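Geometric and topological summary
Residues per chain are reported as follows:
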Amino acid sequence: MPSKRIRLVRLTSKTELVLFLISAELKSSKFFKVLAQAGLEDCYYQHDFCGAILSYCGFEECTDELGEFYFKLVDKYTSKVEPDRDSVMKYSMKFYMALMAERKRISR
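Attention here is on the structure that accompanies the text.

Conventions we followed
- Residues numbered from 1 in each chain as written.
- Predicted model: local features only at pLDDT ≥ 70, side-chain atom pairs only at ≥ 80, totals over all residues.
- Heavy atoms only, no water.
- 1 Å grid on protein atoms, 1.4 Å probe; cavity = no way out; pocket = protein on both sides within 12 Å on 5 of 7 lines; lining within 4 Å.
- Points joined across faces, edges and corners; volume = space filled by probe spheres on them.
- Helix = DSSP H or I, 4+ residues; strand = E, 2+ residues; numbered from the N terminus.
- Nonpolar A, V, L, I, M, F, W, Y, C, P; charged D, E, K, R; others polar.
- Expected span 1.5 Å × (residues − 1).
- Buried < 20%, exposed > 50% of the residue type's maximum accessible area, 1.4 Å probe, protein only.
- Arc of directions from axis to C-beta.
- Contact = heavy atoms within 4.5 Å.
- Lys, Arg positive; Asp, Glu negative; His and termini not counted.
- Salt bridge = Lys/Arg side-chain N within 4 Å of Asp/Glu carboxyl O.
- Patch = residues over 30% accessible without salt bridge, like charges linked within 9 Å, V, L, I, M, F, W, Y side chains within 5 Å.
- Areas by Shrake-Rupley, 256 points an atom, 1.4 Å probe, with all protein chains shown as cover.
- Charge placed at Lys NZ, Arg CZ, Asp CG, Glu CD.

1. Re the layout of surface pockets
- Each pocket or cavity is described by its volume, and for the second largest pocket that value is around 320 Å³.
- The wall of the second largest pocket is formed by 16 residues, among which Ser29, Phe32, Lys33, Gln46 and His47 lie closest to the centre.
- For the lining of the second largest pocket, the elements supplying multiple residues, two or more each, are α1 (13-37) and α3 (64-80).
- The element best represented in the lining of the second largest pocket is α1, accounting for 6 residues.
- Each residue belonging to the lining of the second largest pocket can be placed in one class, and the counts come to 6 nonpolar, 4 polar and 6 charged.

Written as structure tokens, this is what we have:
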């Protein structure tokens, strides 16, 4: 029997979109890392949601420093994510919270 999922907080549609994009980024990154381990690297078709995610998170521009920070997060959480919905959502939320903390730090 599938478990019931209960929402503890109501998210805005914008936040839900960002979480969806982050989860797609993590799953895509995980998939292409597995392909790279099998010897298939540098695929033209790999997704890049960086611009959309940063824009929806409220960053006005993507500096080199912000891009580096973003891709470190991708690497960090891609290595932790497991192939199940709960794991993907857990690390998508951690990724999102790290981006929001970075936005707050930059805006000071």
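Picking up after the structure, the text goes on.
2. So, α3
- Given a rise of 1.5 Å per residue, 17 residues ought to cover 24 Å, and the 25 Å separating the end C-alpha atoms of α3 matches this to within 8%.
- If you check which residues of α3 are buried, you get Leu66, Gly67, Tyr70, Leu73, Val74, Tyr77 and Thr78. In an axial view of α3, the angular spread of the buried residues amounts to 120 degrees, which keeps them on one side of the axis. Projecting away from the buried face of α3 at angles above 90 degrees are the exposed residues Asp64, Glu65, Lys72 and Ser79.
- Residues of α3 that are buried make contact with α1, α2 (50-56) and α4 (85-107).

3. Considerations on the side chain of Glu102
- By secondary structure assignment, the location of Glu102 is in helix α4.
- Excluding its chain neighbours within four sequence positions, the residues that come into contact with Glu102 are Phe59, Glu65, Leu66 and Phe69.

4. Here's the deal with the side chain of Glu25
- Tracing the chain through its elements places Glu25 in helix α1.
- Summary of buried charges: Glu25 has no salt-bridge partner, and the nearest side chain of opposite charge, Lys33, is 10 Å away.

5. What about a positive patch on the surface?
- Where like charges cluster on the molecular surface, the positive patch consists of Lys76, Lys80, Lys90 and Lys94.
- For the positive patch, the elements supplying multiple residues, two or more each, are α3 and α4.
- Within the element layout of this structure, Lys76 appears in helix α3.

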